[in-house]
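# Coordinate analysis (summary)
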Amino acid sequence: QVQVAESGGGLVQAGGSLRLSCAASGSFFYLTRISATGWYRQAPGKERELVARNTRGGPPNYADSVKGRSTISRDDTKNTVYLQMNSLKPEDTAVYYCQVVTTIGTYWGQGTQVTVSS
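Now for a quick tour of the structure. For every chain, the first residue of the written sequence is number 1, and numbering continues from 1 onward in sequence order. For a predicted model such as this one, the threshold for reporting local features is a pLDDT of at least 70, and the threshold for listing and counting side-chain atom pairs is 80 or more; totals across whole chains, interfaces and linings nevertheless cover every residue. The basis for the side-chain values is all heavy atoms of the structure; hydrogens and waters are excluded.

### Examining the nonpolar core
What is meant by a nonpolar core is a set of buried Ala, Val, Leu, Ile, Met, Phe, Trp, Tyr and Cys residues, joined one to another through side-chain atoms within 4.5 Å. The classification of residues rests on relative accessible area computed with a 1.4 Å probe and restricted to protein chains. Under 20% of the type maximum is buried, over 50% is exposed, and intermediate values are partly exposed. Counting residues in each nonpolar core, the largest one holds 28 residues, and the members touching the most others are Val2, Trp39, Leu83, Met85 and Tyr96. The numbering of helices and of strands both runs from the N terminus, where a helix is a DSSP run of H or I of at least 4 residues and a strand a run of E of at least 2. Going through the elements one at a time, β1 (2-7), β3 (18-26), α1 (28-31), β4 (34-42), β5 (49-55), β8 (80-85), β9 (94-102) and β11 (112-117) are the ones with two or more residues in this core.

Here it is, written out as structure tokens:
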């Protein structure tokens, strides 16, 4: 099994920046079978949507709404994925979830709240 824990959310003014972290832990058997990691978000009353995704061996992809303002990266030595978000807007307010995809299963964290004030 894989445990996923997000951190780094908070309250920020419009135009500010945040860096979210997602740490994956668990058995070596699962951690060595991670094929993709991603960030999703869900605003009140809306469906969960993709923000950014990193597939092993491929280029990252971003939602149009965050392209140019966000960067997904990972540190494989720490099994950690980051989402750097700049020029934040009130519409970025949501709960941000980390997804870890392995060849055996998909795992989600509990989410971290990001609130952008205008």
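### Focus on the packing of aromatic side chains
For Phe, Tyr and Trp, rings pair up if their centres lie within 6.5 Å, where Trp contributes its six-membered ring, and each pair is then called stacked (planes under 30 degrees apart), edge-to-face (over 60) or tilted (otherwise). A complete count under the given rule lists 1 aromatic pair for this structure. A ring pair is formed by Tyr40 and Trp108, whose centres lie 5.1 Å apart and whose planes are at 65°; its orientation type is edge-to-face. Here Trp108 lies in strand β10 (residues 106-108) and Tyr40 lies in strand β4, a separation of 68 residues in the sequence. Judged by its relative accessible area of 15%, Tyr40 falls in the buried class. Overall, the relative accessible area of 35% leaves Trp108 in the partly exposed class. For a Lys NZ or an Arg CZ to count as sitting over a ring, it must be within 6 Å of the ring centre and within 35 degrees of the ring normal. A cation over an aromatic ring shows up here: Arg48 above the ring of Tyr97, its NZ or CZ 3.7 Å from the ring centre. Over the ring of Trp108 we find Arg48; its NZ or CZ atom is 4.7 Å from the centre of that ring.

### Points about the pattern of salt bridges
Think of a salt bridge as a Lys or Arg side-chain nitrogen and an Asp or Glu carboxyl oxygen that are within 4 Å of each other. Per the stated rule, a full pass over the model turns up 6 salt bridges. Across the pair Arg41 and Glu49 runs a salt bridge, and its minimum N-O distance is 2.7 Å. Arg41 sits in the buried class, given a relative accessible area of 6%. A relative accessible area of 36% places Glu49 in the partly exposed class. Between Arg69 and Asp92 there is a salt bridge, with the nearest N and O atoms lying 2.8 Å from each other. Of this pair, Arg69 sits in the loop between β6 (61-62) and β7 (70-75) while Asp92 sits in the loop between β8 and β9; the two residues are 23 residues apart in sequence, bridging distant segments of the chain. Each member of the pair, Arg69 together with Asp92, is buried. Each of Arg41, Glu49, Arg69 and Asp92 takes part in one network of salt bridges that share partners.

### Digging into the sheet that holds β1
Neighbouring strands of a sheet are bound in pairs by backbone hydrogen bonds; such pairs are parallel or else antiparallel. Read across the sheet, 4 strands follow the order β1-β3-β8-β7 without closing on themselves; strand pairing throughout is antiparallel. Two strands bound the open sheet, and with one partner strand each, they are β1 and β7. Geometrically, the sheet is characterised by an average inter-axis angle of 15° between neighbouring strands, direction not taken into account. Two strands pair under a simple rule: DSSP has to find at least two bridges between them. Pairing of β3 with β8 involves 6 bridges; the strand directions are antiparallel. By the bridge assignment, Leu20 is partnered in β8 with Leu83. Between the N-to-C directions of two axes lies an angle of 0 to 180 degrees, each axis being a line fitted to C-alpha atoms and, for a helix, fitted only over the stretch in contact.

### Quick word on unusual backbone geometry
The backbone of Asn79 sits at a positive phi, close to 50°, despite the residue not being glycine. Looking at where Asn79 falls in the secondary structure, it is placed in the loop between β7 and β8. Given a relative accessible area of 27%, Asn79 falls into the partly exposed group. The backbone of Ser87 shows a phi angle near 45°, a positive value even though the residue is not glycine.

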